[in-house]
Amino acid sequence: MHLPRPSRSPWRELVLVASLLACGVCQASGQISITSSPTIEGFNASLELQNVPQGVQEYSWHRGKKDSADSMIISYRPPSGAWQPGPMHSRRENVTAEGRLVIRDALLNDTGSYTVRVDLGDKTQRATGWLEVQEWGDDPGISANTTSVVEYGDPMAAFCHTNVTDATRIRWYVNSAEASGNARVAISPDGKTLLLLQPSRFDITIHCTVANVVGFPQRSNSLFLKVAYGPDSVMLKTRPSMFSGVLPAEVGSAVLLECSSSSSPRPTYSWIHNGSLLSSAASLSFPSLTWEQMGRYRCIAESPVTQLRFYRDVRIQRPRKDHPCGRARVLPLGALAGVLHRDDGPGRSLPLWSPDLHPRHSFVHQEKPGYISVHLRLGGGDQM
């Protein structure tokens, strides 16, 4: 009698396939392998072992793809802690307790294949890996589309010249501080270009670094920037002092006007007197003021590089006669002979005695080279 074959469940087949795959993964994960990272000549190199099983009786490292006796570098027996050098040993190699091969002061000709034989007592496993030893490369180069810029003007671009393709190994520095993407700085995705979007007068140097295969940063030269800025404003210094843009002065008196501004490069100056160009000097000096030299003066500071211009106005005029202070006089020191006074410092009301003045009169003392500015004050309290 023929009995029908039992039907096969699809779930059972899936479980069987999954079990076989899992077993395959276990077998693959149990096989030793070698990993290494590139190193630079003169640094230590190492070849690491992965998936090392328990109970290792001996690690034997060989130069090349074979584990023959004549290619052995060194062997190590963990149970006894004994090392045995081979024909390829150069006194720079050693094996750690974990089976890692370490090569001190690696040389360029250390580059190549290495094979390890791991004796487990009842069986042996082998693996071959590759070690790369590189020369200490040249420092990265640097260039720019320009190094002369205008503050807050057009952006500038700097370029880091390197063969490195990993952007994470490239760093940019502005004024020795590491730069990252922000409102002023943009860095290209490959890390090799920096855009200084808003140059500032405080931006002086730019350089880049590239981390080599051992993580040591190699530095480029520095780019020195020349940032043009200003003028920011115009400062006007006068003698005598001006108040609210007015400089009171009598005909025949000495007057000095000095114009200055913060700018790089240095700004050019021009003086306009009553609407006409007078001078391109930074200061004007009138040893003995004339009627023709009265009027409005404008100092203009401008930069042809930044194309910025600022100005400041001052008016030279006689003191107002309708104001009590209009009777203030500038007297030579000799004119005060016989007048009793004491120096209590600039801007102080000082007692004054003179046969020509009421006893309650006083004056304000202001020092100048060779002169005293005398401001009379009436006994009734009116200011002069």
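Here we summarise the structure given alongside this text. (Residues numbered from 1 in each chain as written. Predicted model: local features only at pLDDT ≥ 70, side-chain atom pairs only at ≥ 80, totals over all residues. Heavy atoms only, no water.)

1. Details of the overall build of the protein
Of regular secondary structure, the protein possesses one helix and 34 strands. Out of the 384 residues belonging to the protein, those deemed buried represent 35%. When contacts within the protein are restricted to residue pairs at least 6 apart in sequence, long-range pairs at least 24 apart make up 51% of them. Within the structure as shown, the protein displays about 23,200 Å² of accessible surface, and the carbon and sulfur contribution to it stands at 54%. (Helix = DSSP H or I, 4+ residues; strand = E, 2+ residues; numbered from the N terminus. Buried < 20%, exposed > 50% of the residue type's maximum accessible area, 1.4 Å probe, protein only. Contact = heavy atoms within 4.5 Å. Areas by Shrake-Rupley, 256 points an atom, 1.4 Å probe, with all protein chains shown as cover.)

2. Thoughts on the side chain of glutamate 151
Tracing the backbone shows glutamate 151 in the loop between strand E13 (148-150) and strand E14 (156-161). Note on glutamate 151: relative accessible area 12%, which makes it buried. Reaching out from glutamate 151, the side chain makes a polar contact with the side chain of arginine 201 at a distance of 2.9 Å. Contact partners of glutamate 151, with chain neighbours within four places excluded, come to Pro199, Ser200, Arg201, Val227, Ala228 and Tyr229. (Polar contact = N/O pair within 3.5 Å; in protein donor to acceptor, adjacent residues only side chain to side chain.)

3. Section: a nonpolar patch on the surface
On the surface, a nonpolar cluster with roughly 350 Å² of combined accessible area is contributed by Phe43, Trp136, Val214 and Phe216. Counting through the fold element by element, tryptophan 136 comes out in the loop between strand E11 (133-134) and strand E12 (141-144). For tryptophan 136, a relative accessible area of 39% gives the class partly exposed. (Patch = residues over 30% accessible without salt bridge, like charges linked within 9 Å, V, L, I, M, F, W, Y side chains within 5 Å. Salt bridge = Lys/Arg side-chain N within 4 Å of Asp/Glu carboxyl O.)

4. Points about the state of the cysteines
Summed over the entire model, instances satisfying the criterion amount to two disulfides. Each disulfide pairs two cysteine sulfurs, and for cysteine 160 the partner residue is cysteine 208, the sulfurs being separated by 2.1 Å. Where cysteine 160 bonds to cysteine 208 through sulfur, the torsion about that S-S bond is close to 75°, and the disulfide is right-handed. Taken together, the positions of cysteine 160 in strand E14 and cysteine 208 in strand E19 (residues 205-211) put the pair 48 residues apart, joining distant regions of the chain. We classify cysteine 160 as buried; its relative accessible area is 3%. Taken in sequence order, the bonded cysteines of the protein link in the pattern 1-2, 3-4. (Disulfide = S-S within 2.5 Å.)

5. Re the layout of surface pockets
Its boundaries defined by the atoms lining it, the second largest pocket holds a volume of some 310 Å³. Contributing to the lining of the second largest pocket are 18 residues, with Gly137, Asp138, Thr162, Val164 and Gln218 lying nearest its centre. A breakdown of the residues in the lining of the second largest pocket according to their chemical character gives seven nonpolar, seven polar and four charged. (1 Å grid on protein atoms, 1.4 Å probe; cavity = no way out; pocket = protein on both sides within 12 Å on 5 of 7 lines; lining within 4 Å. Points joined across faces, edges and corners; volume = space filled by probe spheres on them. Nonpolar A, V, L, I, M, F, W, Y, C, P; charged D, E, K, R; others polar.)

6. Topic: the sheet that holds strand E3 (residues 45-50)
Reading across from one edge, E1-E3-E8-E7 is the order of the four strands in this open sheet, with antiparallel pairing throughout. The open sheet is flanked by strand E1 (33-36) and strand E7 (93-95), the only strands paired with a single partner. Going across the sheet, the axis of each strand differs from the next one's by a mean of 20°, ignoring polarity. Here E1 runs beside E3; their pairing, made up of four bridges, is antiparallel. From the neighbouring strand, threonine 35 faces E3, where its bridge partner is glutamate 48. (Pairing = 2+ DSSP bridges. Axes fitted to C-alpha atoms, helices over the stretch in contact; angles between N-to-C directions.)

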